[in-house]
Amino acid sequence: MDSGYRKENVAVDKRVREAGLRPTRQRIALADLLFAKGDRHLSAEELHEEAIAAGVPVSLATVYNALHQFTQAGLLRILAVEGSKTYFDTNTSDHHHFYVEGENRIFDIESGPVTVSNLPAPPEGMEIANVDIVVRLRPKRGD
């Protein structure tokens, strides 16, 4: 095992610990797959496929549990896009997304801020925590 791998693994272990989670072997392996490639959007099924391909013996239920634990700990942001289709975003900063219909592809809106106006007042005792904008795209139709 090379020292670069050990250094990355220690960083992932530290990140999981600092989020208040116990760094189990499966959590560390899944976190390594999630965060090693920078900012990305993955479904539980996609992460499960990556884990199996990488030789990480993990069930889909364990992947779902880990993703929800990472989300509750603030390591991920959850994006509900298509009914039951949920993506997990490694970029937890405030930002918005494009979603390509028919391709099940989601990516960050890079250019400038998006302005939202005329938001309704929240119910008594509540405050707005975040506003998620997903702009749905499809290929242009011929004229």
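Residues numbered from 1 in each chain as written. Predicted model: local features only at pLDDT ≥ 70, side-chain atom pairs only at ≥ 80, totals over all residues. Heavy atoms only, no water.

Trainee: In this structure, what is going on with helix α3 (residues 44-53)? I would like to understand it.
Mentor: One full turn of an α-helix is made of 3.6 residues, so residues set three or four places apart face in the same direction. Where α3 is concerned, the buried positions are Ala44, Leu47, His48, Glu50 and Ala51. Seen from one end, α3 has its buried residues packed into an arc of 160°, which puts them on one side. Opposite the buried face of α3, by more than 90 degrees, sit the exposed residues Glu49 and Ala53. Buried residues belonging to α3 abut α2 (25-35), β1 (41-42), α4 (60-72) and β3 (85-89). (Buried < 20%, exposed > 50% of the residue type's maximum accessible area, 1.4 Å probe, protein only. Helix = DSSP H or I, 4+ residues; strand = E, 2+ residues; numbered from the N terminus. Arc of directions from axis to C-beta. Contact = heavy atoms within 4.5 Å.)

Trainee: Sorry, what's going on with the nonpolar core here?
Mentor: Side chains of a nonpolar character, in soluble globular proteins, are inclined to be buried together. With 22 residues, the main nonpolar core has Leu30, Leu34, Leu47, Leu67 and Phe70 as its most contacted residues. Mapped by element, the contributors of at least two residues to this core are α1 (3-18), α2, α3 and α4. Tallying contributions element by element places α2 first for this core, with six residues. Residues contacting Leu30, with those up to four places away along its chain left out, are Leu47, Ala51, Val58, Thr62, Val63, Ala66 and Phe70. With five residues, the next largest nonpolar core counts Leu79, Tyr87, Tyr99 and Ile106 among its residues. (Core = buried A, V, L, I, M, F, W, Y, C linked by side-chain atoms within 4.5 Å.)

Trainee: Help me understand the side chain of Asp89, please; the structure alone is not making it clear to me.
Mentor: Tracing the backbone through its elements, the reader meets Asp89 in strand β3. One buried charged residue, Asp89, remains without a salt bridge, the closest side chain of opposite sign being Arg77 at 4.9 Å. Within polar-contact distance, the side chain of Asp89 engages the side chain of His95 at 2.8 Å. Among the polar contacts listed, one links the side chain of Asp89 to the side chain of His97, at a separation of 2.8 Å. Residues contacting Asp89, with those up to four places away along its chain left out, are Arg40, His41, Leu76, Arg77, Leu79, His95, His97 and Asp108. (Lys, Arg positive; Asp, Glu negative; His and termini not counted. Salt bridge = Lys/Arg side-chain N within 4 Å of Asp/Glu carboxyl O. Polar contact = N/O pair within 3.5 Å; in protein donor to acceptor, adjacent residues only side chain to side chain.)

Trainee: Help me understand a nonpolar patch on the surface, please; the structure alone is not making it clear to me.
Mentor: Together, Val114, Val116, Leu119 and Ile128 line one region of the surface with nonpolar side chains, adding up to about 290 Å² of accessible area. Assignment of secondary structure puts Val116 in the loop between β5 (105-108) and β6 (134-137). (Patch = residues over 30% accessible without salt bridge, like charges linked within 9 Å, V, L, I, M, F, W, Y side chains within 5 Å. Areas by Shrake-Rupley, 256 points an atom, 1.4 Å probe, with all protein chains shown as cover.)

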